[in-house]
Amino acid sequence: MTEVVVDARGHRCPVPSLKLQKALERAAPGSTVILLADDPLARIDVPHLIGSGPHALVSVDEVDGVLSFRVVTGARPG
């Protein structure tokens, strides 16, 4: 299984969500994409982004102010 890490630390929203969206568009279905972000607003923006598509937000963790979102890609829209 493919795992991609998107490091958006140091960026403010909406940049982390936009970087995640681009990574999800490039990833094969069933891949895992991990977004690292330190903007607290990502906690709101990322679930909203994932809720509007075929992907699944599997977990959200926070360590030392860094949020880690684990997303499994769904089928690409056809």
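Throughout this description, residue numbers start from 1 for each chain and increase along the sequence as written. Totals for whole chains, interfaces and linings use all residues, but because this is a predicted model, local features are given only for residues with pLDDT of at least 70 and pairs of side-chain atoms are given and counted only at 80 or more. Derived side-chain values reflect all non-hydrogen atoms in the structure, with water molecules and hydrogen atoms excluded from consideration.

**Student:** So, the pairing of strand S4 (residues 66-72): which residues are in play, and what are the values?
**Tutor:** Across a regular strand the side chains alternate sides, sitting on one face of the sheet and then on the other. Working definition: with a 1.4 Å probe on protein chains only, accessible area under 20% of the residue-type maximum means buried, over 50% means exposed, and in between means partly exposed. Secondary structure counts use DSSP, requiring at least four H or I residues in a row for a helix and at least two E residues in a row for a strand, with both numbered from the N terminus. Because side chains alternate across S4, one face comprises the buried residues Leu67, Phe69 and Val71, and the other comprises Val66, Ser68, Arg70 and Val72, none of which is buried. Strand pairing requires that DSSP identify at least two bridges connecting the strands. Strand direction decides the pairing type here: strand S2 (residues 32-37) and S4, joined by six bridges, are antiparallel. Paired with isoleucine 34 across the bridge in S4 is arginine 70.

**Student:** So what's going on with the pattern of salt bridges? Which residues, and what values?
**Tutor:** By definition, a salt bridge exists where a carboxyl oxygen of Asp or Glu is found within 4 Å of a side-chain nitrogen of Lys or Arg. Counted according to the given criterion, the structure contains four salt bridges. For arginine 9, the salt bridge goes to aspartate 7, with nearest N and O atoms at 2.6 Å. Notably, a salt bridge pairs aspartate 38 with arginine 12, separated by 3.9 Å at the nearest N-O pair. You can see aspartate 38 sitting in the loop between S2 and helix H2 (42-51) and its partner arginine 12 sitting in the loop between strand S1 (3-7) and helix H1 (15-26), a full 26 residues away along the chain. The class for aspartate 38 is partly exposed, based on a relative accessible area of 28%.

**Student:** Just give me the short version of the pairing of S2, but keep the residues and values in it.
**Tutor:** In terms of burial, S2 is largely enclosed, as six of its six residues are buried. Across the two faces of S2 the burial is the same, with Thr32, Ile34 and Leu36 and Val33, Leu35 and Ala37 all buried. Relative to S2, S1 is paired through five bridges, and the arrangement is parallel. What sits directly across from glutamate 3, in S2, is threonine 32. Handedness of a crossover is defined as follows: orient the strands so they point away from the viewer, and if the path from the first strand over the helix to the second runs clockwise, the crossover is right-handed. What joins S1 to S2 is H1, and the crossover it makes is right-handed.

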